[in-house]
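So the chains spell out like this:
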Amino acid sequence: MILQALSDYYRRKCDDPDPAQHLPAFGLEQKEIPFILEISTDGELLQLRDTRELQGKKKVARVFRVPQGVKKTSGVAANLLWDTLEYVLGVDTKGKPERVAEQHAAFRARIEALPEVVREDAGIQAVLRFLHRRDVAQLERQPAWNEALEGNAVMSFRLHGDLDLVCQRPAVVQAALSTAGADDAPQAMCLVTGERAPVERLHASIKGVWGAQTSGANIVSFNARAFESYGKTERQGENAPVSRAAAFAYTTALNHLLRKDSPQRMQVGDASTVFWAERQDPFETIFGDIFQDNPDGGTTAVRALLDAVHSGQWGESDENLRYHVLGLAPNAARISIRFYHCITLCELGQRIAQHFEDLSLARGPHDPQYPSLFRLLTAVALQNKADNIPPNLGGAIVDALLAGPDAPYPSLWLNAAVGRCRAEQNINYPRAAAIKACLNRQIRFRQSTEKEFLPMLDLSNTHPAYRLGRLFAVLEKIQEEASPGLNATIRDRYYGAASSTPVAVFTTLLRLKNAHLKKLMPGRVTVFEKLLGEVLGPVDDFPKHLPLPDQGRFALGYYHQRQDFFTRKSQDTDHGTPEGETA
C-alpha cells in the first residue's frame, strides 16, 4: 500500500509542469554536485567551479539531474560521468592508492562502455581527452582544489560554453534511459504493479530521515539469512520482488518528499513525517502548516481547515481526496515505518478539528489558541528542552490523532505531563491542555459514563480528584490574599503530596486555612467559606492514594479553579464591581 501510493505520487510529479517539482525519468536522479570540472573540447581544464552557496551557516551544493547512481557497497562500482574525486580523477585521499586506481579504472571503463555513437559526442570526447591527459599539477593550482580534496567531493564535467553537464547531454541521457533495465536481472511478479518485470536486487537509499545514516538507509532490504525466504539465500530483493521501475519510482518520490526545505516534510519527535495527496490540491501541505512551530502561520492554517470542516465548503478541493501521512524512524541501517494513514481530506479535517477540540482550554491572553505540537512536547520535557522529549512520543501522538476521534493518546503523554506538574509545581496551559486531551480520549475510548472535561471550570463535575484539585486552588488563593507578596505558596511545598496522597496533606492544609481566614475581611471570609462548602460538598473522604489518571484530574481541577479566579477578577475590574462582592 505504501509503495503503491509513493509510486502513484512519482507518476504524478513526473507530469508536473513546474520544472522545480518535475521528477526525473527512470534511469536518472537528482544529485547535489558540489564541484564541476569545466573543460575545453581539447580536454584542457579551464576551471574547477564550486557550485555551493551559503545557506545560513552551511554551504549547499546545486542539484543536477544526472544518470542514476549505482548502489555503493564495499566493492568498486562507478557512476556514469559523475562520482567522487577518487573515482573521477584517481587521486588518493584516504591512503589507499591501489583501491583508488581500481576506482578510476572503473570510472573510465564505464564511459568507454557507452555505445560508439554516444562516444562520438563532443562532450564525451572532451572528457576522454581530459582523463587521458589528467594533469594533477594543474588541478592543484585551482582555488577550490583543497576543499574538494579534503572531502573527496562529488564532481562532474561540463563543456565550456554549455549550460548543462556532459552527463546531461541528449546522447548521454538517451543512453542512460535505454540501459536502465537492460541486463540479465531475474524476473518476477512485482508486488507494487502486479506485472512481471526485472526485479531490483538492491533498492536505492532513502536520505533525509533524521537519525539514520547520512549515506542513506533502506525500507526494503535483506542482509541476513534469518530474513530470507527458502531458496532465496543471499538474493536480496528477490525475497520481496519489486520491479526496477517501481523501486526507482518509490525511492525517488520518497527522497523528493524528504528533501531539504520540503513543504511536505516535518519532524515529529524521532519520526520524519511526510504527507501528500493523490492529486494536486491547495490543502496538500496543510498538515505541515498546522503542526509547524509557527504561531501565526499555524493559526491561519488551522482556521482555514476548521472553517472548511464546519461549513462543508472546501472550495477548489475535493473532500473525498485521499491524503497520505507516513512517519519514518531510523533503525540501524534500515528505516522503520512508525505510522501510516490514508484518509480522505474531509476525515483529516475532522480528526484535526477533534484534536484541537480536545486541547481547548481556558487560557491567558498570551497563550496560543491552537498550540503547536512542538510546544506541547517541550512542555512535558525535562527543563522544557527539545533534546529531552521522549523519542517516541511525538510520533505516537500523531498516530493517535490520525487513527480516529476516539483513539486514545499515548499514556506516556499523560504520564509526562503529570510528572512535570509534580516536579515543577507548575500547571501551565500546555500541560493542562495535554492532560485534558488524554483524559477525554480515554473516556471516549472506554465508553465510560464519566463526563468529559470542559474547557472551563465545571461546577457539575463531582469526581473526587477534580474536586480536590479545585480545593487546593482555593486554599492557595486564601493564603495569597491573607499574606500578599509571598515568595512561595502551599503549591511550592505541598502540591506533589496533595496530588498523590491527599489524606496526608489536606488535614494540615485545612487547619492552616483557618489561620489565614482570620486575616481577611468578613466579606471575603464569607465568599471563601461558601466556595469551600460548594467544592467539598460531594467529597466524602480524602483518598489515601490517587492513581496517575486521577492525578491528572487533580491538576485539571486546580488549573480550572485558578483560571476561574483570574477570569472573575478581570470581569469584576471591567464592570467596576468590588472584588469582595463576588460569589
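First, a word on what this report is: a plain description of the structure on this page. The model shown is predicted, which means the values in this text are computed figures rather than measured ones.

Some points on the overall build of the protein chain
Reasoning step 1: The helix and strand inventory of the protein chain stands at 21 helices and 14 strands.
Reasoning step 2: Overall, the C-alpha framework of the protein chain stretches about 105 × 55 × 50 Å when taken along its three principal axes.
Reasoning step 3: Taking all 583 residues of the protein chain together, the buried fraction comes to 50%.
Reasoning step 4: When contacts within the protein chain are restricted to residue pairs at least 6 apart in sequence, those whose partners lie at least 24 apart make up 68%.
Reasoning step 5: Put simply, the protein chain has 68 plus and 70 minus side-chain charges, and the middle of one group is 5 Å from the middle of the other.

Details of the pattern of salt bridges
Reasoning step 1: The final tally for this structure, using the stated rule, is 31 salt bridges.
Reasoning step 2: Arg-470 is paired through a salt bridge with Glu-534; the nearest N and O atoms lie 2.8 Å apart. In this pair, Arg-470 is assigned in helix 17 (residues 464-482) and Glu-534 in helix 20 (residues 522-536), connecting sequence segments 64 residues apart.
Reasoning step 3: Take Arg-470: its relative accessible area is 0%, and that puts it in the buried class.
Reasoning step 4: Judged by its relative accessible area of 30%, Glu-534 falls in the partly exposed class.
Reasoning step 5: Between Arg-562 and Glu-480 there is a salt bridge whose closest N-O contact spans 3.2 Å. A residue pair is termed long-range when its members are at least 10 positions apart, and Arg-562 in helix 21 (residues 548-575) and Glu-480 in helix 17 qualify at 82 residues.
Reasoning step 6: Glu-480 sits in the partly exposed class, given a relative accessible area of 27%.
Reasoning step 7: One salt-bridge network, in which partners are shared between bridges, spans Asp-358, Asp-406, Arg-441, Arg-444 and Glu-452.

Details of the pairing of strand 12 (residues 271-277)
Reasoning step 1: Counting buried positions along strand 12 yields 7 of 7 residues, so the element is predominantly enclosed.
Reasoning step 2: Here strand 12 shows a buried face lined by Ala-271, Thr-273, Phe-275 and Ala-277 and a second buried face lined by Ser-272, Val-274 and Trp-276.
Reasoning step 3: Relative to strand 12, strand 11 (residues 265-268) is paired through 4 bridges, and the arrangement is antiparallel. Paired with Arg-265 across the bridge in strand 12 is Val-274.
Reasoning step 4: Two elements, strand 12 and strand 13 (residues 322-331), share 6 bridges in a ladder whose sense is antiparallel. Opposite Ala-277, over in strand 13, you have Tyr-323 as the bridge partner.

Comments concerning the side chain of Ser-243
Reasoning step 1: Mapped onto the elements of the fold, Ser-243 is located in the loop between strand 10 (196-198) and helix 9 (244-257).
Reasoning step 2: Judged by relative accessible area, which is 6%, Ser-243 ranks as buried.
Reasoning step 3: Among the polar contacts listed, one links the side chain of Ser-243 to the backbone nitrogen of Ala-246, at a separation of 3.2 Å.
Reasoning step 4: The residues touching Ser-243, leaving out its near neighbours within four places in the chain, are Cys-190, Ala-197, Pro-198, Val-199 and Glu-200.

Thoughts on the pairing of strand 3 (residues 45-50)
Reasoning step 1: Two elements, strand 2 (residues 35-39) and strand 3, share 5 bridges in a ladder whose sense is antiparallel. Its bridge partner lying in strand 3, Glu-38 is registered against Gln-47.
Reasoning step 2: Hairpin connection of strand 2 to strand 3: 5 residues between the antiparallel strands, including Gly-43 at a positive phi of 85°.

Some thoughts on the sheet that holds strand 13
Reasoning step 1: Taking strand neighbours across the sheet as the criterion, the 4 strands line up as 11-12-13-14 in an open arrangement whose pairing is antiparallel. This sheet does not close on itself; its edge strands, each paired only once, are strand 11 and strand 14 (334-344). Taken pair by pair, the neighbouring strands of this sheet meet at an average axis angle of 25°, ignoring direction.
Reasoning step 2: Of the strands in this sheet, strand 11, strand 12 and strand 13 are in contact with helix 9, which crosses strand 12 at around 110°.
Reasoning step 3: Its contacts with the sheet place helix 14 (residues 393-403) against strand 11, strand 12, strand 13 and strand 14, and it is angled at close to 25° to strand 14.

Quick look at the packing of aromatic side chains
Reasoning step 1: Taken as a whole and assessed by the stated rule, the structure comprises 17 aromatic pairs.
Reasoning step 2: For the ring pair Tyr-409 and Trp-413, a centre distance of 5.1 Å and an interplane angle of 90° mean the geometry is edge-to-face. Both residues of the pair, Tyr-409 and Trp-413, belong to the buried class.
Reasoning step 3: Consider the rings of Phe-472 and Phe-506, whose centres lie 6.3 Å apart with planes at 85°: the pair is edge-to-face.

Here we look at the environment of Val-118
Reasoning step 1: Mapped onto the elements, Val-118 comes out in helix 4 (residues 116-119).
Reasoning step 2: Along the primary structure Val-118 and Pro-170 are separated by 52 residues, whereas in three dimensions their C-alpha atoms are 9.4 Å apart.
Reasoning step 3: Aside from chain neighbours lying at most four places away, what touches Val-118 is Ile-124, Ala-171, Val-172 and Ala-175.

Calculation rules
Residues numbered from 1 in each chain as written. Predicted model: local features only at pLDDT ≥ 70, side-chain atom pairs only at ≥ 80, totals over all residues. Heavy atoms only, no water. Helix = DSSP H or I, 4+ residues; strand = E, 2+ residues; numbered from the N terminus. Buried < 20%, exposed > 50% of the residue type's maximum accessible area, 1.4 Å probe, protein only. Contact = heavy atoms within 4.5 Å. Lys, Arg positive; Asp, Glu negative; His and termini not counted. Charge placed at Lys NZ, Arg CZ, Asp CG, Glu CD. Salt bridge = Lys/Arg side-chain N within 4 Å of Asp/Glu carboxyl O. Pairing = 2+ DSSP bridges. Polar contact = N/O pair within 3.5 Å; in protein donor to acceptor, adjacent residues only side chain to side chain. Axes fitted to C-alpha atoms, helices over the stretch in contact; angles between N-to-C directions. Phe/Tyr/Trp six-rings, centres within 6.5 Å; stacked < 30°, edge-to-face > 60°.

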